[in-house]
Amino acid sequence: AGENFLISMNSGFIFGIDFGVAFDNGIHLGIPELIPFRLTSQIQELIEPYSMKGYMKHALYALRRNQNLILDTCDIFIKEPLIEWIKEAQNQSEEDNSFSKQGGVEIDDQDKMALCLQKIKRVKDKLKGKNSAHIMMRELADSIHYKKDYFPQLKSAL
């Protein structure tokens, strides 16, 4: 888990560098990851000098206060989608042909754009404080897991 953080040697600030969590990439694993963030003992020890409650609360407020900056930055992902998103769209296309009219071999720019806008909307919903279980449920419903026999168990876990 430590590979997804940068630590400033000058200030001690911790920077998360794994944007997959923000875009729910874990949901598309063979066994979907339903926990968006794990406050591991390593992370707790790393920020031990600070009050855990105060630190996390401050970080979450900062994200909400700066949501316009974050969402403006997300526009980059619309123009240049992540490789994982393109693969996801192709997999979805192969699964149920919902993202492509071309049989899943290639997806067009409009299909990529639709998927990117959907991902950005979920980030916006999270920043606005909408219920994360509902957001995750929508993501699961749009994933390859939706048509699987185990989907009702995933749904009940949320």
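Coordinates for the structure precede this section.
So, a few notes on the structure that sits alongside this text. (Residues numbered from 1 in each chain as written. Predicted model: local features only at pLDDT ≥ 70, side-chain atom pairs only at ≥ 80, totals over all residues. Heavy atoms only, no water.)

**Some thoughts on the overall build of the chain**
- Each helix and strand in the chain was counted, giving seven helices and two strands.
- Going from the N terminus to the C terminus, the chain shows its helices and strands as β-β-α-α-α-α-α-α-α.
- Counting all 158 residues of the chain, 26% fall into the buried class.
- Of all intrachain contacts in the chain linking residues separated by at least 6 positions in sequence, the fraction that spans at least 24 positions is 54%. (Helix = DSSP H or I, 4+ residues; strand = E, 2+ residues; numbered from the N terminus. Buried < 20%, exposed > 50% of the residue type's maximum accessible area, 1.4 Å probe, protein only. Contact = heavy atoms within 4.5 Å.)

**What to know about the nonpolar core**
- In this structure, Phe-23, Leu-71, Cys-74, Phe-77, Ile-78, Trp-85, Ala-89, Leu-115, Cys-116, Ile-120, Val-123 and Leu-127 together form the largest nonpolar core, which totals 12 residues.
- Breaking this core down by element, the ones donating at least two residues are helix H3 (67-79), helix H4 (83-96) and helix H5 (109-127).
- Per-element accounting of this core gives the leading share, five residues, to H5.
- Excluding its chain neighbours within four sequence positions, the residues that come into contact with Ile-78 are Met-113, Cys-116, Leu-117 and Ile-120.
- In terms of nonpolar packing, the next biggest core, distinct from the first, is built from six residues, Met-136, Met-137, Leu-140 and Leu-154 among them. (Core = buried A, V, L, I, M, F, W, Y, C linked by side-chain atoms within 4.5 Å.)

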